[in-house]
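The residues making up each chain are set out below.
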Amino acid sequence: MAKVLAVLSNGYINEEHNYVTGWWAEELFAPALELEKEGHTVGLASIDGGKPTVDPISISKDYDPDGTYKKQYESGMADKTTPIVDVKASDYDAIMIVGGHGAMFDLAHNEDLHAVINVVYELGGIVSAVCHGPAPLVYTKTRDGRHLLEGLKVTGYPNNKEPKEVVELLPFSLEDELKKIGNYHEESNHDAYVVWGSKQILTGRDPQSSQLFGRELAQKLTQRELQSEEKFMD
């Protein structure tokens, strides 16, 4: 079936404010499970490769009360990632940018990641991101200089949910940046919310949307595979 590249932040530390962040556990493991249920495979990448830093809060009892994601993390499932410069983008049918505040620091402006995103997109693949994961999509431009998300319906982590103690430490507001180039929607009345900006662009709002996000991506990829097989048979 399809091959999906999940991209994780290597992490960010602000020692002065005792602030440590990285990728958010639920936003990798929940979508990955949905993808694997459909028979798709998930590869892992990060900017520097190796073992990326998980946001410790995402595997705390407050956010992972049953220890589901902590158990998956401690099993070593995300201990090895390929450096983004070594990724052969044409091997993948989709790219999935995992959220967590870390994405705003090391993924957002990384040109190697932008290049991988563009190759996947230009070859007709799906570009997806959840929560703070759309950060690098904001700054990705197509070969003709157009913003990848320009004019598209998008979502991502909203300003009103950002922890007050963290806001001043962040490099930018994701919601504000998305609004500059896209048609931002929060849909706060929904427990989980994802949106297709086009047949190739999928974004999810927050950690609670991770499972739905993964299911949408998985089903779309399965649908594409079946359509491709039908065309081949014809």
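In case you missed it, the structure is sitting above this.
Structural notes, computed from the coordinates.

Cut-off values and rules
- Residues numbered from 1 in each chain as written.
- Predicted model: local features only at pLDDT ≥ 70, side-chain atom pairs only at ≥ 80, totals over all residues.
- Heavy atoms only, no water.
- Salt bridge = Lys/Arg side-chain N within 4 Å of Asp/Glu carboxyl O.
- Helix = DSSP H or I, 4+ residues; strand = E, 2+ residues; numbered from the N terminus.
- Buried < 20%, exposed > 50% of the residue type's maximum accessible area, 1.4 Å probe, protein only.
- Expected span 1.5 Å × (residues − 1).
- Core = buried A, V, L, I, M, F, W, Y, C linked by side-chain atoms within 4.5 Å.
- Pairing = 2+ DSSP bridges.
- Right-handed = clockwise from strand over helix to strand, strands pointing away.
- Contact = heavy atoms within 4.5 Å.
- Axes fitted to C-alpha atoms, helices over the stretch in contact; angles between N-to-C directions.
- Phe/Tyr/Trp six-rings, centres within 6.5 Å; stacked < 30°, edge-to-face > 60°.
- Lys NZ or Arg CZ within 6 Å of the ring centre and 35° of its normal.

## Describing the pattern of salt bridges
Inspection of every chain in the model, using the stated rule, returns 8 salt bridges. Between Glu34 and Arg215 there is a salt bridge, with the nearest N and O atoms lying 3.7 Å from each other. On the criterion of sequence distance, the pair formed by Glu34 in helix α1 (residues 25–37) and Arg215 in helix α8 (residues 210–233) is long-range, its members being 181 residues apart. With a relative accessible area of 32%, Arg215 lands in the partly exposed category. Taking the shortest distance from any N to any O, the salt bridge between Asp206 and Arg205 comes out at 2.8 Å. The same class applies to Asp206 as to Arg205, namely buried. Several salt bridges share partner residues, and in doing so they unite Glu34, Lys37 and Arg215 into one network.

## What about α1?
Here α1 contains 13 residues, and its C-alpha end-to-end distance of 18 Å stays within 8% of the 18 Å for a straight helix at 1.5 Å per residue. In terms of burial, α1 is a largely internal element, 10 of the 13 residues being buried. Buried within α1 are the following residues: Ala25, Glu26, Glu27, Leu28, Phe29, Ala30, Pro31, Ala32, Glu34 and Leu35. One or two steps after α1, the chain reaches Gly39, where phi turns positive at roughly 90 degrees.

## With respect to the nonpolar core
Counting 38 residues, the largest nonpolar core has Leu5, Ile84, Ile95, Leu113 and Val127 as its most contacted members. Secondary structure elements with two or more residues in this core: β1 (3–8), β6 (94–97), α3 (102–107), α4 (111–122), β7 (126–130), α5 (135–138) and α7 (174–181). Here this core takes 5 residues from α4, the largest share from any one element. Grouped together as the second largest cluster of nonpolar side chains are 29 residues, Ala2, Val4, Tyr69 and Tyr73 included.

## Considering the pairing of strand β4 (residues 41–46)
Pairing between β1 and β4: 6 bridges, direction parallel. The partner of Leu8 across the bridge, within β4, is Ser46. Across 2 bridges, β4 lies against strand β5 (residues 82–83) in parallel orientation. Paired with Ser46 across the two strands is Pro83, which belongs to β5. Read as a crossover between parallel neighbours, the route from β4 over helix α2 (residues 68–74) to β5 is right-handed.

## As for unusual backbone geometry
Backbone geometry places Cys131, a non-glycine residue, at a positive phi of 65 degrees. Summarising the element assignment, Cys131 is placed in the loop between β7 and α5. We classify Cys131 as buried; its relative accessible area is 2%. Positioned with a positive phi, Glu187 is a non-glycine residue whose angle comes to about 50 degrees. Looking at the element boundaries, Glu187 is found in the loop between β9 (183–184) and β10 (194–198).

## Brief notes about the sheet that holds β6
In spatial order, the strands read β5-β4-β1-β6-β7-β11-β10; together these 7 strands make up an open sheet with mixed pairing. Each edge of the open sheet is held by one strand with a lone partner, namely β5 and β10. The sheet contact formed by β6 and β7 spans 4 bridges and is parallel. Following the sheet pairing, Ile95 is matched in β7 by Val127. Seen against the sheet, α1 touches β1, β4, β6 and β7 and runs at an angle of roughly 150 degrees to β6.

## Some remarks on the packing of aromatic side chains
Under the counting rule described, the total for this entry stands at 6 aromatic pairs. Ring plane angle 90 degrees and centroid distance 5.4 Å describe the contact between Trp24 and Tyr63, whose orientation is recorded as edge-to-face. Taken as a pair, Trp24 in the loop between β3 (19–21) and α1 and Tyr63 in the loop between β4 and α2 lie far apart in primary sequence, 39 residues in all. Among the residues examined, Trp24 registers a relative accessible area of 12% and is labelled buried. In this structure an aromatic cluster arises from ring pairing among Tyr12, Tyr19 and Phe105. Here Lys220 stacks its cationic end above the ring of Trp196, 4.9 Å away from the centre of that ring.

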